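Okay, here's what each chain looks like letter by letter:
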Amino acid sequence: MDRVFIEGLEVDTVIGAYDWERDIRQCLRLDLSFAWDNRPAAAGDDLNLALDYASVSARIQAFAEQARFELVETFAERLVATLMDEFHIPWVRLKLTKPGAVPAARGGVGVEIERGCL
């Protein structure tokens with residue numbers, strides 16, 4: 001199976017369990033990989049048959065704008081379910097990083113999930 005990816009997508013959202021976090025927007029960094037058969041799109045050079053990563057990225061931004069979760073785990077699960085449903089994606093891997101959540105973790109902390117079937 002082919003894979004389409006989006007790396008380093010930054011979104012601002014309300015995320016966190018502490019009271020002070022509920023009143024601010026914080027940056028999350030997302031790395032995503034999607035299973036997608038690219039052959040039909042490539043055969044006819046047809047964007048309508050490709051997984052349009054611009055549209056997927058815009059949907060992720062819109063999701064983050066509306067989201068208000070305490071846990072990055074919840075954000076990750078709900079986002080992946082939304083993308084799989086709306087774009088008919090059979091498999092997704094998401095690495096979600098919350099920079100600055102643990103100051104000593106220079107690269108950030110977060111979760112990585114994989115859902116669906118290849």
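Conventions adopted
- Residues numbered from 1 in each chain as written.
- Predicted model: local features only at pLDDT ≥ 70, side-chain atom pairs only at ≥ 80, totals over all residues.
- Heavy atoms only, no water.
- Helix = DSSP H or I, 4+ residues; strand = E, 2+ residues; numbered from the N terminus.
- Expected span 1.5 Å × (residues − 1).
- Buried < 20%, exposed > 50% of the residue type's maximum accessible area, 1.4 Å probe, protein only.
- Arc of directions from axis to C-beta.
- Contact = heavy atoms within 4.5 Å.
- Polar contact = N/O pair within 3.5 Å; in protein donor to acceptor, adjacent residues only side chain to side chain.
- Core = buried A, V, L, I, M, F, W, Y, C linked by side-chain atoms within 4.5 Å.
- UniProt positions renumbered as here; feature names shortened; annotations may be inferred.
- Pairing = 2+ DSSP bridges.
- Patch = residues over 30% accessible without salt bridge, like charges linked within 9 Å, V, L, I, M, F, W, Y side chains within 5 Å.
- Areas by Shrake-Rupley, 256 points an atom, 1.4 Å probe, with all protein chains shown as cover.
- Salt bridge = Lys/Arg side-chain N within 4 Å of Asp/Glu carboxyl O.

Undergrad: Where do I start with helix α2 (residues 53-66) in this structure?
TA: Residues lying three or four places apart along an α-helix face the same way, a consequence of the helix completing one turn every 3.6 residues. Between the first and last C-alpha of α2 there are 20 Å, a value that for 14 residues agrees with the 20 Å anticipated at 1.5 Å per step. Buried residues of α2: Val56, Ser57, Ile60, Phe63 and Ala64, and no others. Axial view of α2: buried residues confined to an arc of 120°, hence all on one face. Contacts from the buried residues of α2 go to β1 (3-15), β2 (26-35), β3 (68-69) and α3 (72-87). A side-chain oxygen of the first residue of α2 lies 3.1 Å from the backbone nitrogen of Ala54; this N-cap is Asp52.

Undergrad: What exactly am I supposed to notice about unusual backbone geometry here?
TA: Leaving glycine out, the prevailing phi sign among residues is negative, and the prevailing peptide bond configuration is trans. Phi angles above zero are rare outside glycine, and Asp45 is one such case at about 50°. Looking at the secondary structure, you find Asp45 in the loop between α1 (39-44) and α2. Judged by its relative accessible area of 73%, Asp45 is exposed. Unusually for a residue other than glycine, His88 sits at a positive phi of about 55°. Within the secondary structure, His88 is located in the loop between α3 and β4 (91-98).

Undergrad: Teacher, can you tell me more about the nonpolar core here?
TA: Across soluble globular proteins, you tend to see nonpolar side chains buried next to one another. Membership of the largest hydrophobic core comes to 30 residues, with the highest contact counts inside it found for Leu30, Phe34, Ile60, Phe75, Leu83, Leu94 and Leu96. Looking at this core, the elements that each hand over two or more residues are β1, β2, α2, α3, β4 and β5 (109-116). With seven residues, α3 is the single largest residue contributor to this core. If we ignore the near neighbours within four places in the chain, the residues touching Phe75 are Val11, Thr13, Ile15, Leu28, Leu30, Phe63, Ala64, Ala67, Phe69 and Leu96.

Undergrad: What is the right way to read the UniProt feature "domain: Dihydroneopterin aldolase/epimerase" (unreviewed entry) in the protein from this model?
TA: The feature "domain: Dihydroneopterin aldolase/epimerase" (unreviewed entry), as given by UniProt, occupies residues 4-115 in the numbering adopted here. Regarding residues 4-115, the helix share stands at 32% and the strand share at 35%, and the terminal C-alpha atoms are separated by 15 Å.

Undergrad: What's the story with the pairing of β2 in this structure? I'm lost.
TA: For a regular strand, side-chain orientation follows a simple rule: the groups alternate between the two sheet faces. Summarising burial for β2: seven of the 10 residues are buried, a large majority. Sheet analysis places β1 next to β2, joined by nine bridges and oriented antiparallel. Looking at β2, one finds that Ile6 is bridged to Leu32. Looking at chain direction, β2 and β4 are connected through six bridges and run antiparallel. Each bridged residue has a counterpart across the sheet, and for Leu32 the counterpart in β4 is Leu94.

Undergrad: How should I be thinking about a nonpolar patch on the surface in this particular structure?
TA: Together, Tyr18, Trp20 and Ile24 make up an exposed nonpolar region whose accessible area comes to about 370 Å². Among the secondary structure elements, Ile24 is positioned in the loop between β1 and β2. On the basis of relative accessibility, which here comes to 34%, the residue Ile24 falls in the partly exposed class.

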